Amino acid sequence: MSTQVKSLFDPAITRRAAWESITKLDPRVQVKNPVMFLVAVGAVLSTFTFFRDLASGAFSTFNLQITLWLWFTVLFANFAEAIAEGRGKAQADSLRKTRTGTMARRLTNYPSSTEHRVIATELKRGDVVICESGDVIPGDGEVIKGIASVNESAITGESAPVIREAGGDRSAVTGGTQVISDQIFVRITAEQGDSFLDRMIALVEGAKRQKTPNEIALSIVLAALSIVFLLAVVTLKGFAAYSETASGLTTSLLSVPVLVALLVCLIPTTIGGLLSAIGISGMDRLIQRNVLATSGRAVEAAGDVDVLLLDKTGTITLGNRMASAFIPAGGIDPKRLAEAAQLSSLADETPEGRSIVVLAKENFGIRGHDDSEHNAALHQATFIPFTAQTRMSGVDVGGRSIRKGAADMIEKYVDSYSAAFPPDTKRAVEDIAKTGGTPLVVAEVVANKATVLGVIQLKDVVKGGIKERFAELRKAGIRTVMITGDNPLTAAAIAAEAGVDDYIAEATPETKLKRIRDEQAAGHLVAMVGDGTNDAPALAQADVGVAMNSGTQAAREAGNMVDLDSNPTKLLDVVHIGKQLLMTRGALTTFSIANDVAKYFAIIPAIFATLYMTNGEGALSALNVMQLATPESAILSAIIFNALIIVALIPLALRGVAYQPLPASTLLWRNFLIYGVGGVAIPFVGIKLIDILVVALHLV
Amino acid sequence: MQPLEFLQIALYFGLLIAITPLLGGFMATVFCGQKTWLTPVLKPLEGLIYKLSGVNDYEEMSWKEYAFALLTFNALGFLAVFVLMLAQGALPLNPQSTGGTSGYLAFNTAVSFMTNTNWQAYSGEAALSYLTQMLGLGVQNFVSAATGIAVMIALTRGIARKHAASIGNFWVDLTRTTLYILLPLSLLLAILLVSQGVVQSFGSYVSATTLEGRSQVIPLGPAASQIAIKQLGTNGGGFFGVNSAHPFENPTPFSNFLQVLAILLIPSALTYTYGKMVGSVRQGWTIFAAMLAVLLVVLAVSLWSETSYNTVLQTSVQMEGKEQRFGVANSVLWGMTTTVASNGSVNAMHDSFSPLAGGMAMLNMMLGEVIFGGVGAGMYGMLMFIIITVFIAGLMVGRTPEYLGKKIEAFEVQMAMITILAPSTVILIGTMIAVLIPQGLSSLNNQGAHGFSEILYAFTSAAGNNGSAFAGLTVDTPFYNIAIGIGMLVGRFGVILPTLAIAGSLVGKKYTPPSLGTFPTDKPLFAVLLIAVILIVGALTFFPALSLGPIVEHLLMNAGKTF
């Protein structure tokens, strides 16, 4: 999604957000956030009081300022939400651009194929369209015929074209991407307005954002705290009435604006005002990493994941196995083995096959293509492709049959010619398997006489730095499980080398699914990455299923996230963002509540400054530990601090608090000190500074 | 303070810590239905009770069934006391021919003893017959305590059981608590108290002529048996009006030591029982440590305030309202333990404590009676705070919060917040009404900030089911009898019902095994966080109220002004 990370306060977004913070004053919008709704109601009450006093000829600059700051508090919270939404919208707009004006070549009655040009938005699910080089694919769909290279940079930002073909695991195409060669027939799988892009746009914009379970629970805590403080403030009016009589005062100490100011300072406005911004920006951060989630719930679940199922290939190891040695059977010339291996691999276009050719060239200087005699022979060669049943491949050329494949299959093969499988080769096979390599045995049949020539050692190359990454995850309490089709010995060796906690060898779709179910039954939350159709059941079963964008439509539908870069290690980023999301909410809640201590010490002595007077000052003035100048300046400073802290924390809400994979108790200590203890201390300093400023500017 | 007084306090806490695992372990055995050394004696009796009452002791209950049984049983208990009080004039065991009480007082008292509050708007020796004391109040002292413990055990099962549907059987929990724990302990304590001179008699009151030649009536009664359970079951309702300050209720320093130990005995042992039942005694000890830390702090503040030089009285030994035989340290120790635990018995008048010590007593109750708290009630109340703490801490480490492997979700958070909101509402709204209407104000014997403290204390005591009184307030009036009565009901069942709902919700959840990403709840850090949450919630809710009561009173006293 060619997304540049925008600066936090992009001018255009900020301008739009400033306007939206006013339009969001609509009560129907406000009522969705109980804490801020309470502030808005308080602001209305305070405004009403101010004008009522004005009508009776009393003008109070103090009440006016309180009222204004109450409104600012509401506006700042609206602004925070609007900024987060704005950043999302900016991304959504760039997504949307890829779609406008696309024309589609719809085929009616496929496969009899009459072509009509229609606007992309008119396409229905099940329609078949044809796309040739230069065409923009008009909607999400599945390739049903043909093969083409597709430029997906519009959504992935990756300029190298990718291959999309009918059947197999690379059949899904996304609307908005462009075909750059060949021709494909695409069956549209998503109704317009319900395609991936549409769903993602809706999510980023915050329009369809539903509250996640943790957000709901937190909202309950915040609402309950608001009720507690509402009770405390309302009853204080009664307590004060008693105390005023008792100390001989005839006027009420608590005006409506002062009571509202106290209430607004106490209720958790900081987290209340930033809550939705935190949620929206979490999605936003995910998209910046080119991962699209189908729901906020999935992102949150990612933070809880404690078991990661990772495919070995591409995630833990570098793509494919590479040939690393030729080990001849007893009495066989190494060069003979290399030559046979090379010959059998010439037509093998798999990476393994190519690596054998390369190794033969490097070690023995065997070059296939400039040997004309050789080439002539090759023209009559019959290549035997690898199949799942035979688990062998090879070549029949000039009366020789060369086969390479799994040891047990080659053993059967030579056995059918009544030849023995040499024990030293058997040992070599076992040795290779034990060290995590894959043995490929090469045999040759000439005139019905079979000979085992030796073994090719294929080795997996573990990605650099992956071991450290897993160690970090372990510290954060996340267990990694490697999935591989290898035999248990090979799997164990790679698992040890890569530092994963566990592995599933000889994995089939069923074993993957079973493993996920077992982990879940034991109470774990499981994430997995997959791309193939055979991964779909496991992706659907996992709590967090990340499908590769290059994968099949089935896989993409089954998962709850799609990685546009098709990079399996991205799962680690997703976990990171999920945790950050929860931590930001927790930290700001703690901070918000901790702030109340200082606000009490500012406001309580101020409002009761003339209660129970002794020696010229109220008895409770002793609680004015900050030495705030006057009662008015104290109350005003507290409410100004309360409003400004929302703005000050917008960057934190948008970026999220820093997360490092550390044990929970270490993290807790750190955040408790910063946001808890810091949350108690900071407002003492802040309110005092504002008080000095308020007095210096003669605001009261 | 004298070195000997420090030694007594050290001895007190040393003994408490030593007994906690012994008694706690025993109780865990009882609640798991395992054999104890009392089983051979009591099992036949237990079986007989089930047989007579038609209880199938193998039948388990869902939380709703459990709550229904509990409410039905408590309603019957309420009715029994209510009727006894109204009709006691016509019933036997009434040597002083005490007449029936007013309906308001009967309502208030019946609620009070059913809810384990033991708020006393009457004076026992003047208003109640022996039959009412024994059959009504004595019985409720046992079963209201057993009810609290039963709820805590049910919640514990909810946490400990994995993916189950039931949380135990209320009748069995009630019977076992009474039979295996409360009765044997009470018997032991009663005998010890009688040895110190606490009266236990069915005789009528004795008339004596004093040295000044005036005649004095000396009340008697079956006191020792009732005092034992009032201390052990965090009931607190004295046999005599002045409670354990009375020489027949608490005659010697040794009886005083026993009684003050009995206040915290079961609440503190239950932390161990809890740890044992959830499979990790460290969990229990962590909770115990958090409770002990708060108690030690409030005790230190109160002792400091009570022993520092008082500019008004011009002394640093303030004996007003205290008994000579106990002195300052023992009076303050009792005052703090009885208010942290929702016991409410007193051996000194809290009204006469220095403003700060009185304020601490109030704060203890405002914290939700979770620092040891009522038997069972303190522990389940504490678990509600634990849920809130775990929730906030869980968010701070980036995990959906879980406690002992159970996910804490919106429902648990909602119920836990209700248990915190319900008593707070009673205290704040009740006090506000009382200070604004003549029916509330006319009962005051003191004015100004101290009068405010008296009313605030009364509603705080009701909401926390504590039952201690600041005194100085005439509470046997229709307004206070009804208002405090409602307060006690909300403070009790407004907590019990959400607690059982949580038990029901947690018991059905699957167990998530802990990982490094789960923060441990059996470490000092968790105890610190828990204390922080309790103090912040308590302090923030009640700071304005306290500032107009004890805080301003303290500041005024320093400026030389009293009420």
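Here the structure is a predicted model, which is why all the values come from computation and not from measurement.

**A word on the pairing of strand β15 (residues 449-459) of chain A**
Residues and elements named next belong to chain A. The buried fraction of β15 amounts to 9 of the 11 residues, a majority that puts the element mostly inside the structure. Sheet topology note: the strand β10 (residues 322-328)/β15 ladder contains 6 bridges and is antiparallel. Within β15, the position partnered with isoleucine 327 by the bridge is valine 455. Examined bridge by bridge, strand β14 (residues 438-446) and β15 share 9 bridges and lie antiparallel to one another. Looking at β15, one finds that valine 445 is bridged to alanine 450. With antiparallel pairing between neighbouring strands as the criterion, β14 and β15 make up a hairpin whose turn holds 2 residues, including alanine 447 at a positive phi of roughly 50 degrees.

**A few points about helix α16 (residues 448-463) of chain B**
Taking 1.5 Å of rise per residue, 16 residues should cover 22 Å, and α16(B) covers 23 Å from first to last C-alpha, within 8% of that figure. In the stretch just after α16(B), Asn465(B) is the one whose phi turns positive, near 55 degrees.

**A closer look at the packing of aromatic side chains**
Counting across every chain of the model gives 29 aromatic pairs over all chains. An angle of 80 degrees between the planes, with centres 5.5 Å apart, marks the rings of Tyr66(B) and Phe170(B) as edge-to-face. In this pair, Tyr66(B) is assigned in helix α3 (residues 63-87) and Phe170(B) in helix α7 (residues 170-195), connecting sequence segments 104 residues apart. Since its relative accessible area comes to 0%, Phe170(B) is described here as buried. Ring-pair connections join several aromatic residues into one group, and the members of that group are Tyr600(A), Phe601(A), Phe684(A) and Phe543(B). If you follow Lys162(B) out to its NZ or CZ, it ends over the ring of Tyr511(B), 4.5 Å from the centre.

**Considerations on the interface of chain B and chain A**
Each partner contributes residues to the interface: chain B has 60 residues there, and chain A has 63 residues. Carbon and sulfur atoms supply 80% of the area that chain B and chain A bury against each other, a total of about 5300 Å² over both sides. Counting across the interface, chain B meets chain A through 0 salt bridges. Linking chain B to chain A there are 10 residue pairs in polar contact (both at pLDDT 80 or more). When residues of the side of chain B that touches chain A are traced back to their parent elements, those giving at least two are α13 (377-396), α14 (410-436), α16 and α18 (524-558) of chain B. Per element, the largest residue contribution to the side of chain B that touches chain A is 16 residues, and it comes from α18(B). Here the side of chain B that touches chain A is built from residues that sort into 41 nonpolar, 14 polar and 5 charged.

**Things to note about helix α7 (residues 213-246) of chain A**
Residue and element names in this part refer to chain A. Here α7 contains 34 residues, and its C-alpha end-to-end distance of 49 Å stays within 8% of the 50 Å for a straight helix at 1.5 Å per residue. Of all the bends in α7, the greatest, near 25 degrees, is centred on leucine 236. Among the 34 residues in α7, 24 count as buried, and that is most of the element. Glycine 248 sits one or two positions beyond α7 and adopts a positive phi of about 80 degrees.

**So, the domain arrangement of chain B**
Accessible area lost upon the coming together of the parts serves often as the stated size of an interface. All names here are of chain B. Partitioning chain B into domains gives domain 1 (3-205 + 218-279) and domain 2 (282-558). With 78 residues of domain 1 at the contact, the number on the domain 2 side is 78 residues. Taking both sides of the interface into account, the surface hidden between domain 1 and domain 2 amounts to around 6200 Å²; carbon and sulfur atoms contribute 74%. Taken as a group, Trp63, Trp119 and Leu155 account for 12% of the area that domain 1 buries against domain 2, more than any other trio of residues on that side. Inspection of the region where domain 1 meets domain 2 yields 0 salt bridges. For the interface between domain 1 and domain 2, the tally reads 22 residue pairs in polar contact (both at pLDDT 80 or more).

**Quick word on the sheet that holds strand β18 (residues 526-530) of chain A**
Residue and element names in this part refer to chain A. One open sheet holds the 7 strands; their spatial order is β8-β20-β19-β18-β9-β16-β17, and the pairing between them is mixed. Of all strands in the sheet, those bounded by a partner on one side alone are β8 (291-293) and β17 (502-504). The mean inter-strand angle of the sheet, taken between neighbouring strand axes irrespective of direction, is 20 degrees. As defined by bridge partners, β18 adjoins strand β19 (residues 544-548) across 4 bridges and the pair is classed as parallel. For glycine 530, the partnering residue across the bridge sits in β19 and is alanine 547. Strands in contact with helix α9 (residues 269-288) are β8 and β20 (561-563); relative to β8, the strand with the most contacts, it is inclined by about 140 degrees.

**Re the pattern of salt bridges**
Residues and elements named next belong to chain B. Tallied over the full model, the rule gives 36 salt bridges over all chains. When the shortest N-O distance is used, the salt bridge between arginine 325 and glutamate 323 registers 2.7 Å. One salt bridge in this structure joins arginine 399 and glutamate 402, with 3.2 Å as the shortest N-O distance. What makes arginine 399 buried here is its relative accessible area of 3%.

**Let's talk about a nonpolar patch on the surface**
Residues and elements named next belong to chain A. Together, Val31, Phe37, Val41, Leu45 and Val256 give the surface a local cluster of nonpolar side chains, amounting to about 370 Å² of exposed area. With 3 residues, the single largest contributor to the nonpolar patch is helix α3 (residues 34-55). Counting through the fold element by element, leucine 45 comes out in helix α3. Take leucine 45: its relative accessible area is 45%, and that puts it in the partly exposed class.

Criteria and thresholds
Residues numbered from 1 in each chain as written. Chains lettered and ligands numbered in written order. Predicted model: local features only at pLDDT ≥ 70, side-chain atom pairs only at ≥ 80, totals over all residues. Heavy atoms only, no water. Buried < 20%, exposed > 50% of the residue type's maximum accessible area, 1.4 Å probe, protein only. Helix = DSSP H or I, 4+ residues; strand = E, 2+ residues; numbered from the N terminus. Pairing = 2+ DSSP bridges. Expected span 1.5 Å × (residues − 1). Phe/Tyr/Trp six-rings, centres within 6.5 Å; stacked < 30°, edge-to-face > 60°. Lys NZ or Arg CZ within 6 Å of the ring centre and 35° of its normal. Contact = heavy atoms within 4.5 Å. Buried area = accessible area lost by both parts, 1.4 Å probe. Salt bridge = Lys/Arg side-chain N within 4 Å of Asp/Glu carboxyl O. Polar contact = N/O pair within 3.5 Å; in protein donor to acceptor, adjacent residues only side chain to side chain. Nonpolar A, V, L, I, M, F, W, Y, C, P; charged D, E, K, R; others polar. Bend = angle between axes of the 7 residues up to and from the residue. Domains from an automatic or database assignment. Axes fitted to C-alpha atoms, helices over the stretch in contact; angles between N-to-C directions. Patch = residues over 30% accessible without salt bridge, like charges linked within 9 Å, V, L, I, M, F, W, Y side chains within 5 Å. Areas by Shrake-Rupley, 256 points an atom, 1.4 Å probe, with all protein chains shown as cover.

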